[in-house]
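Here are the chains, one letter per residue:
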Amino acid sequence: MIQPQVGFHHLPGATPFFRIWYGLRRDDIAKILLGSSAAAISGISKPLFGYFIMTIGSLTSRIVSDTSTVKSIISDRMAVIVQCISSILIATTVSMFVNWRMGLVSWAVMPCHFIGGLIQAKSAKGFYGDAAIAHQELVSLASEAASNIRTVASFVYEDEIMKKAELSLQEPMRITKIESMKYGIIQGISLCLWNIAHAVALWYTTVLVQRKQASFENSIRSYQIFSLTVPSITELWTLIPMVMSAITILNPAFDILDRETQIVPDEPKATSDCWLVGRIEFQGVNFNYPSRPEITILDGFNLVIEPGQRVALVGPSGAGKSSVLALILRFYDPHRGTVLVDNKDIRDYNLRWLRRQIGLVQQEPILFNTSIRDNISYGSEESSETEIIQAAMDANIHEFISGLPEGYGTVVGDKGGQLSGGQKQRIAIARTLLKRPDILLLDEATSALDGESERVVMTSLGAKEWNNRGERSSNITSITVAHRLSTVINADMIVVMEKGKVAETGDHQTLISADDGVYSRLFHLQSNMKD
Ligand SMILES: Nc1ncnc2c1ncn2[C@@H]1O[C@H](COP(=O)(O)OP(=O)(O)OP(=O)(O)O)[C@@H](O)[C@H]1O
């Protein structure tokens, strides 16, 4: 199965706080604070990722919780912080004006609040961070379990999932308990410092009155200004830790955004108005997945597919068939060697344009919880009803759709759950045909169809040509990956793969006549199983 590539592109690296407020880059700040060499040593440069490896759950959790954190930092907390700072400044000026001695005392006791606030900030950091991580793990687990609910239920795995959920919360809960106790004590100390500041200010007020250095009215005014401002100071110091902790939570979110894909979809920029003829060539391709660099998947792989040819890739599981399709779609680049499309290196095409010319149908098609019509026209929204129906006919699904009470307006349910596997596959084939691809990649795309249905679909796909593109009328190039050899019997060329290499090529008749060949052995094995 081919996994889709998800790329996050070109977001500048910056710490969240500064990125939000000043748009400064992280390495700029590091350079300012530490000097450029420190930035290099600390590895602050942007990470490069060939592939994005993350569960849907944790990604969803980040999107939901982190974006609301950004909102709360920007819209709520920052407004209050600015309000506190301005009221402190105004109050200090006024109290200096009323009685400068009192004004100075107000400033003199400020360190009590600063120290209390700093201790709070330090203790709050770990407190919020752990809760966020625990939440993320739980969301990931819940989303995975919910999206695979049938597998979970069929293995009676519900209790295990509950245990895992409890387990994932145990350690953070232990840490949170300790942290909340620490936080409470620290909060108490900081309130104590707050009261000390009040007591000192009040005591000094009485001293000033006794020494006649201030009138009773002015000293009361000055003390009132001070005491009314202290809550702002305290609030400021309770908000700053919150913002600091929120920034800690945001760091992983920005780490995701800072990821850059090695395969940039918009380079080179130039696209083409033409279509592809459909010639594909693999020249000495060596390939391994970035997540498992030690395992060679394709080893000196050579293959030429002529325009309009119907090619089948067969071979034992794990031979690298789907990986060949992944390279044509440029989900990955080969480690060594070249993939050519129409005699041009695949890397020289604008990737988005190239992918638009290629249709892929996978074994487990992804359908959306919307109508059959919308599912078929996905990505080809400008298509007419006639074109949608024609695509459905080619995929041998029109009859079934017409028989439904709501026809093409029938909603297919979450992930197409209200349809059978074969119906989903045929809708996915119709969707891909509507895209009018020049190259069609079928990865076990008809595995859920019965023999007759598969024959109709494969015959229709084999004869497919897009006549309405000017002078062009050649068949589309198709590559079919299949385990069931009856699927590929009519292919123009069957490529038998073994351990990342081409073991045999030829049409069905040629390959079957080689008694000791891999294809012949597989074919007879499958025929015997049928008997
Ligand atoms: N995303 C991935 N990361 C790491 N290894 C992978 C990845 N996808 C596939 N592989 C490994 O690459 C090898 C070839 O996989 P591939 O899917 O191309 O084989 P295949 O011939 O299509 O197999 P099957 O017929 O079972 O679908 C396998 O050993 C598989 O474990």
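Thresholds applied
- Residues numbered from 1 in each chain as written.
- Predicted model: local features only at pLDDT ≥ 70, side-chain atom pairs only at ≥ 80, totals over all residues.
- Pairing = 2+ DSSP bridges.
- Helix = DSSP H or I, 4+ residues; strand = E, 2+ residues; numbered from the N terminus.
- Axes fitted to C-alpha atoms, helices over the stretch in contact; angles between N-to-C directions.
- Expected span 1.5 Å × (residues − 1).
- Buried ≥ 20, exposed ≤ 12 C-beta atoms within 10 Å, placed from the backbone.
- Near = placed C-beta within 6 Å.
- Nonpolar A, V, L, I, M, F, W, Y, C, P; charged D, E, K, R; others polar.
- UniProt positions renumbered as here; feature names shortened; annotations may be inferred.
- Core = buried A, V, L, I, M, F, W, Y, C linked by C-beta atoms within 7 Å.
- Contact = placed C-beta atoms within 7 Å.
- Arc of directions from axis to C-beta.

**Topic: the sheet that holds strand β10 (residues 477-481)**
Okay, step 1: A sheet is described by the order of its strands in space; here six strands give the open sequence β8-β9-β10-β5-β11-β12, paired in mixed fashion. Taken across any chain shown, the strands that pair with only one partner, and hence form the sheet edges, are β8 (358-361) and β12 (501-506). Ignoring which end each strand starts from, the neighbouring axes of this sheet average 20° apart.
Okay, step 2: As paired elements, strand β5 (residues 310-314) and strand β11 (residues 493-498) share four bridges and run parallel to each other. Its bridge partner lying in β11, V311 is registered against M493.

**Looking at helix α15 (residues 421-434)**
Okay, step 1: Here α15 contains 14 residues, and its C-alpha end-to-end distance of 20 Å stays within 8% of the 20 Å for a straight helix at 1.5 Å per residue.
Okay, step 2: Of all 14 residues in α15, 12 are buried; the element is thus mostly enclosed.
Okay, step 3: Looking only at α15, the buried set comprises Q423, K424, Q425, R426, I427, A428, I429, A430, R431, T432, L433 and L434.
Okay, step 4: Just downstream of α15 lies R436, where phi reads positive at about 50°.

**Quick word on the site of the ligand**
Okay, step 1: Looking at the ligand, there are 12 residues lining it, with Y289, S317, K321, S322 and S323 nearest.
Okay, step 2: Taken together, the residues of the shell around the ligand sort by class into three nonpolar, seven polar and two charged.

**Describing the UniProt feature "transmembrane region" (unreviewed entry) in the chain**
Okay, step 1: Residues given the UniProt feature "transmembrane region" (unreviewed entry) here are residues 32-57, 78-98 and 183-205.
Okay, step 2: The distance from the first to the last C-alpha atom of residues 78-98 is 30 Å, and the span holds 100% helix and 0% strand.
Okay, step 3: The annotated region residues 183-205 carries 100% helix and 0% strand content, and the separation between its end C-alpha atoms amounts to 33 Å.

**Examining the nonpolar core**
Okay, step 1: Counting residues in each nonpolar core, the largest one holds 70 residues, and the members touching the most others are A312, L313, V314, A430, L441, I494 and V495.
Okay, step 2: No other element matches α15, which puts six residues into this core.
Okay, step 3: Beyond its immediate chain neighbours, meaning those up to four positions away, I494 contacts A312, V314, V488, T505, G506, D507, H508, L511 and Y519.

**Overview of the sheet that holds strand β6 (residues 336-341)**
Okay, step 1: Sheet architecture is open: four strands sit in the order β4-β3-β6-β7, paired in antiparallel fashion. Looking at which strands have only one partner, the edges of the open sheet turn out to be β4 (298-305) and β7 (344-345).
Okay, step 2: Bridging between strand β3 (residues 280-287) and β4 involves five bridges; their strand directions are antiparallel. In the strand pairing of β4, E281 is matched with V304.

**Section: helix α13 (residues 385-394)**
Okay, step 1: Taken together, the buried positions of α13 are occupied by I388, A391, A392 and D394. The buried residues of α13 occupy an angular sector of 160° when projected down its axis, which confines them to one face. Exposed positions of α13 whose direction lies more than 90 degrees from the buried face are E385 and T386.
Okay, step 2: Of the residues trailing α13, N396 is marked for its positive phi of about 60°.

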